[in-house]
Amino acid sequence: MSGPTRRGFIAGAAALGGAALIGSPVSADVTVEEGVRESAMIPPSDARYADLVLRRTSERFFPRPEFFRLPTTTEQVVRAVEGAVRAGKRVTVRSGGHCYENFVGEGAEVIIDMSAMRQVTFDQHRNAFMIEPAASLWEVFQRLYLGWGVTIPGGQCGGVAAGGHIQGGGYGPLSRQLGSVVDYLYAVEVVVVDRSGRARAVVATREPGDQNRDLWWAHTGGGGGNFGVVTRYWMRAPGATGNDPAHLLPKPPAVTLGATIGWSWRDITEESFHRLLRNYGEWHERNSAPDSRYASLFSPMLISRRNTGADPGGFAMVATMDGTLPDADRLLRDYLAEVGKGVPGTTTVRPPHPLPWLAAVQAGSLSQTDESGMFKAKAAYLRKRFTDEQIGTAYTYLTSTDHNNERALLLLVSYGGKVNTVAPDATALSQRDSVMKAIYTVTWTDPDGEQTNLDWIRRWYSAMYQDTGGVPVPNSVNDGSYINYPDIDTTDPKWNRSGVPWHTLYYKENYPKLQQIKARWDPRDVFHHAMSIKLPH
């Protein structure tokens, strides 16, 4: 799930107030062949350069490298990387352009833009589905489902690309029922650079006897920009047998049942706000086991900051679940009633209604245009509901009048279920016993407002976690944060006063292993950014 940048939907809440293709075999060590055509090189003098500068989500960051590379094949990526290394150029990579921090643009002299590599096919050689890194999640869902009737439990924002989403431990509306995306990762092809500066493409699988298996493991939640350039993913369900593609990934529910309820800030008091967040959090504590009858339920609650004008605005909660369950309508209505119990002013915006699965995905998916803007995001995993003190802090900041945000949001997202059936060290994704995610965002349109908005959200987040040094240190309530929602402030002792290093928040006990893998596959630290895996000392 892309989560906090879904501004199109957020604005709406505030107003309440493919054919089968055969992939060719790939060796486990692909070297550059003479005669391979170079990828397109786009310098500032090329008219396309300006469009590539703008091809990103966050309007805070404008990458301006010496040139972009636009490869169409793995071999071209190998050449582009090796050429940059030999020339001593700082190289970064971009797939969908959804990074929340300036990891792609900061200091980059060469940006490898993967936007031309977006195939989604079935590879008979590997008996798995092959996804290239720039394929958007909408493209992935559409091609897998229409071609074979299957899917992966990916995120809700259709413009997000597979490249960063998968390797960061992606999740979405089906994750409580099916698990994390990385639980379906069979193999990955990565362009890496050895100690001599030679670039090559390596395929790493989850097979126990694979000598490159550690590189596969690193891409099951290790995050982007750490080990090399991902050029292909292969997806297959663990334990899947046979060679019929229709049985190698899970099938989504044929019908999705969805509903929306909302609240106007006119009707919300501090007491009812506490009641609402307790209801929501305690429900998830009780109903997030993998065998829960609500395993298929996904229910983001989007709480917009109270407006300071005449119309205070409102906020909403969307709930979807498997509509093929025999008692789906009753289950969904019971859920809505439990969350809204004792909260005056709860309004049914849209009652339970069925949609075919792909149509429901499209209805809930947002494009890159919907997601653009200047924003800052922070996040955390929750093992339990917010404490009463945290709910009080959220209320204070979401209703305060000391700062006139253009738009701010607290987003609570359903999690857990089957995700939590995998051991924390089985993949690099270590958070395997949480029941929710919390995401905090602030958005602005005036560039001059950046610092005041950054200061505001930093104070809010710090206050939410004041008992653990301003960040969500893993304990009985918190479980760190999600590397696909990176927050550079966690590296700053001014905002992270916990004494716990930033990497513990994101990787917990898996970080030392990630460092060892980094040392093996990127010994020159070619692929790095402000929050990348560091080489071991």
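Before reading on, note that the structure itself is shown above.
Residues numbered from 1 in each chain as written. Predicted model: local features only at pLDDT ≥ 70, side-chain atom pairs only at ≥ 80, totals over all residues. Heavy atoms only, no water.

Chemist: Mind showing me how you'd approach the pattern of salt bridges here?
Modeler: Pairs may arise between side chains of opposite charge once their charged atoms sit close together. Applying the stated criterion to the full structure yields 32 salt bridges. Across the pair Asp 489 and Lys 376 runs a salt bridge whose closest N-O atoms are separated by 3.8 Å. Placement of Asp 489 in the loop between helix H13 (450-464) and helix H14 (502-507) and of Lys 376 in strand S15 (residues 374-382) is noted, with a sequence separation of 113 residues between them. The pair formed by Asp 489 and Lys 376 is uniform in burial state, with each residue classed as buried. (Salt bridge = Lys/Arg side-chain N within 4 Å of Asp/Glu carboxyl O. Helix = DSSP H or I, 4+ residues; strand = E, 2+ residues; numbered from the N terminus. Buried < 20%, exposed > 50% of the residue type's maximum accessible area, 1.4 Å probe, protein only.)

Chemist: Is there a simple way to explain the pairing of strand S3 (residues 67-70) in this structure?
Modeler: Remember that side chains alternate between the two faces of the sheet whenever the strand is regular. Covered by surrounding structure in S3 are Phe 67 and Arg 69 together with Phe 68 and Leu 70, the residues of both alternating faces. Here strand S2 (residues 40-42) pairs with S3 via three bridges, running antiparallel. Paired with Ala 40 across the bridge in S3 is Leu 70. Bridge count for S3 against strand S5 (residues 110-113) is three bridges, and the pairing is parallel. The residue of S5 that forms the bridge with Phe 68 is Ile 111. (Pairing = 2+ DSSP bridges.)

Chemist: Teacher, can you tell me more about the packing of helix H8 (residues 270-286) against helix H9 (residues 328-340) here?
Modeler: Between two packed helices, the angle of one axis relative to the other and the distance separating the axes together describe the packing. In the contact formed by H8 and H9, the axes pass within 7 Å of each other and the chain directions differ by 135 degrees. Considering their axes alone, H8 and H9 lie oblique with respect to each other. Every residue of H9 that contacts H8 at Leu 276, Asn 279, Tyr 280, Trp 283, His 284 and Arg 286 is listed here: Tyr 335, Glu 338, Val 339 and Gly 340. Classifying every residue of the contact of H8 with H9 gives five nonpolar, three polar and two charged. (Axes fitted to C-alpha atoms, helices over the stretch in contact; angles between N-to-C directions. Parallel < 35°, antiparallel > 145°, perpendicular 65-115°, else oblique. Contact = heavy atoms within 4.5 Å. Nonpolar A, V, L, I, M, F, W, Y, C, P; charged D, E, K, R; others polar.)

Chemist: What is the right way to look at the environment of Val 442 in this model?
Modeler: With respect to the element layout, Val 442 can be found in strand S17 (residues 436-444). As for Val 442 and Ser 304, which are separated by 138 residues in sequence, their C-alpha atoms are 9.8 Å apart. In this view, Val 442 contacts Met 374, Phe 375, Lys 376, Asn 405, Arg 407, Ala 408, Asn 453, Trp 456 and Ile 457; residues no more than four positions away in its chain are not counted.

Chemist: Got a minute to help me understand the nonpolar core in this structure?
Modeler: In a soluble, globular protein the nonpolar side chains are often hidden away together inside. Of all hydrophobic cores here, the largest spans 109 residues; its most connected members are Tyr 335 and Phe 386. Considering every element that reaches this core, the biggest residue donor is H13, with seven residues. Non-local contacts of Tyr 335, meaning those with residues more than four positions away in its chain, are made with Tyr 280, Trp 283, His 284, Tyr 294, Leu 297, Ser 299, Met 317 and Ala 319. Grouped together as the second largest cluster of nonpolar side chains are 19 residues, Ile 112, Met 114, Ala 201 and Phe 527 included. (Core = buried A, V, L, I, M, F, W, Y, C linked by side-chain atoms within 4.5 Å.)

Chemist: Help me understand the sheet that holds S2, please; the structure alone is not making it clear to me.
Modeler: The strands making up a sheet associate through backbone hydrogen bonding, with each pair oriented either parallel or antiparallel. Here we have four strands laid out as an open sheet, ordered S2-S3-S5-S4, and mixed in their pairing. Two strands in the sheet have a free side with no partner beyond their single neighbour: S2 and strand S4 (91-94). Taking each pair of neighbouring strands and ignoring which way they run, the sheet shows an average axis angle of 25 degrees. Pairing of S4 with S5 involves four bridges; the strand directions are parallel. Across the sheet, the residue bridging to Val 93 is Ile 112, located in S5. Sheet strands touched by helix H3 (residues 74-86): S3, S4 and S5. Its angle to S5, the strand with the most contacts, is close to 170 degrees.

Chemist: What should I look at first to understand helix H15 (residues 511-521) in this one?
Modeler: By the burial criterion, the buried members of H15 are Tyr 511, Leu 514, Gln 515, Ile 517, Lys 518 and Trp 521. End-on, the buried residues of H15 take up no more than an arc of 165 degrees, which puts them together on one face. Looking at the buried positions of H15, the neighbouring elements they touch are strand S8 (185-193), strand S9 (199-205), helix H7 (213-218) and H14. (Arc of directions from axis to C-beta.)

Chemist: Looking at this structure, how should I read the sheet that holds strand S16 (residues 407-414)?
Modeler: Ordered in space as S14-S11-S13-S12-S16-S17-S15, the seven strands form an open sheet in which the pairing is antiparallel. Across the chains shown, the open sheet's two edge strands, defined by having one partner strand only, are strand S14 (347-356) and S15. Each adjacent strand pair in this sheet contributes to an overall mean axis angle of 15 degrees, direction not counted. Sheet topology places strand S11 (residues 255-264) next to S14; seven bridges connect them, and they run antiparallel.

Chemist: Please explain the packing of aromatic side chains as it appears in this structure.
Modeler: Within a pair of aromatic rings, the relevant descriptors are the distance that separates the centres and the angle that separates the planes. Counting across every chain of the model gives 30 aromatic pairs. Relative to Phe 375, the ring of Tyr 100 lies with its centre 5.5 Å away and its plane at 90 degrees, an arrangement referred to as edge-to-face. Taken together, the residues span a long stretch of sequence, with Tyr 100 in the loop between S4 and S5 and Phe 375 in strand S15 at a distance of 275 residues. The class for Tyr 100 is buried, based on a relative accessible area of 3%. Consider the rings of Trp 283 and Tyr 335, whose centres lie 4.6 Å apart with planes at 70 degrees: the pair is edge-to-face. Here the residue Trp 283 occupies a position in helix H8, and Tyr 335 occupies one in helix H9, the gap between them amounting to 52 residues. The buried category is assigned to Tyr 335, whose relative accessible area is 0%. Among the aromatic residues, those joined into a cluster by ring pairs are Tyr 100, Tyr 171, Phe 375, Tyr 381, Tyr 415, Tyr 482 and Tyr 485. (Phe/Tyr/Trp six-rings, centres within 6.5 Å; stacked < 30°, edge-to-face > 60°.)

Chemist: Quick question: what am I supposed to make of the side chain of Lys 378 here?
Modeler: For Lys 378, the location among the structural elements is in strand S15. At 2.8 Å, the side chain of Lys 378 and the side chain of Asp 487 are in polar contact. Every residue in contact with Lys 378, bar those within four places of it in the chain, is listed here: Ala 438, Ile 439, Tyr 440, Ile 457, Arg 458, Tyr 461, Asp 487 and Asp 489. (Polar contact = N/O pair within 3.5 Å; in protein donor to acceptor, adjacent residues only side chain to side chain.)

Chemist: In this structure, what is going on with unusual backbone geometry? I would like to understand it.
Modeler: The phi torsion of most residues other than glycine is negative, and most of the peptide bonds are trans. The phi angle at Asn 127 is positive, at roughly 55 degrees, despite the residue not being glycine. Summarising the element assignment, Asn 127 is placed in the loop between strand S6 (120-123) and strand S7 (128-131). With relative accessibility at 17%, the residue Asn 127 sits in the buried group. Even without glycine at this site, Asp 525 takes up a positive phi of about 55 degrees. Examined against the element boundaries, Asp 525 turns out to sit in the segment after H15. The class for Asp 525 is partly exposed, based on a relative accessible area of 26%.

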